[in-house]
Amino acid sequence: MKQKLIAELGEFLTFVEALDGLSDEVWFSPLSEGKWSIHDIIIHVMKWDEYFNEVTFPLLAENGAPELTEHPDYLGYNEQSVLYGKGKTKREAVEETIGNRRLLLDQLDRLEERKFTMVYPGERGFTLETYLRTFFISHDKHHIGQIRDYLETN
């Protein structure tokens, strides 16, 4: 099960690498009026990986049973993420995204299998598997779908 989760999370790497060939015009254009660009979406996902790597994973590694919850200000964090990406080139965004996702996958690979199935404290009673499926895998698929739809129609 751990390896299946890691493989599913790794699909985002393949997707981002394939986007590297897009023109800057396509990369930086909003998907529709008032929406984010591909650049903004990729930076947004990358920053969530970074948050996991820097905040959630150390808690998993240190005390073993942290509360797995949603970010307390996820909308604000999303806005900060997009602002962080302003001024970054496509290449910089792709490289940073790939680096953060690879780190996330490496860290997950080092965890014992039991850490994926144990129920962590908290209101929602997540296992690491359900947490990753809810906040990462389904999130990846949502944004991959948005970008693919945009690319197919433009």
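This text goes with the structure placed above it.
Residues numbered from 1 in each chain as written. Predicted model: local features only at pLDDT ≥ 70, side-chain atom pairs only at ≥ 80, totals over all residues. Heavy atoms only, no water.

Participant: I keep staring at the side chain of Arg 101 and nothing clicks. Help me out?
Facilitator: Tracing the backbone shows Arg 101 in helix H5 (residues 90–110). Residue classification places Arg 101 among the buried positions, given a relative accessible area of 0%. Side-chain polar atoms of Arg 101 contact the side chain of Asp 140, separated by 2.7 Å. Residues within four places of Arg 101 in sequence aside, it is in contact with Leu 9, Phe 12, Leu 13, Val 45, Asp 49 and Asp 140. (Helix = DSSP H or I, 4+ residues; strand = E, 2+ residues; numbered from the N terminus. Buried < 20%, exposed > 50% of the residue type's maximum accessible area, 1.4 Å probe, protein only. Polar contact = N/O pair within 3.5 Å; in protein donor to acceptor, adjacent residues only side chain to side chain. Contact = heavy atoms within 4.5 Å.)

Participant: I'm lost on the packing of aromatic side chains in this one. Help?
Facilitator: Between two aromatic rings, the relevant description is the distance of the centres plus the angle of the planes. Scanning the model with the defined rule gives nine aromatic pairs in all. Residues Trp 48 and Tyr 51 carry aromatic rings whose centres are separated by 5.9 Å and whose planes lie at 75° to one another, so their mutual orientation is edge-to-face. Remark: Tyr 51 and Trp 48 occur in helix H3 (residues 38–62); sequence separation between them is three residues, near one turn of the helix. Exposure remark for Trp 48: the relative accessible area of 14% places this residue in the buried category. One aromatic cluster is present, formed by Phe 52, Phe 126, Tyr 131, Phe 135 and Phe 136 through successive ring pairs. The ring of Tyr 84 is capped by Lys 47, whose NZ or CZ atom sits 4.0 Å from the centre of that ring. (Phe/Tyr/Trp six-rings, centres within 6.5 Å; stacked < 30°, edge-to-face > 60°. Lys NZ or Arg CZ within 6 Å of the ring centre and 35° of its normal.)

None of the figures reported here should be taken as evidence of function without further support.
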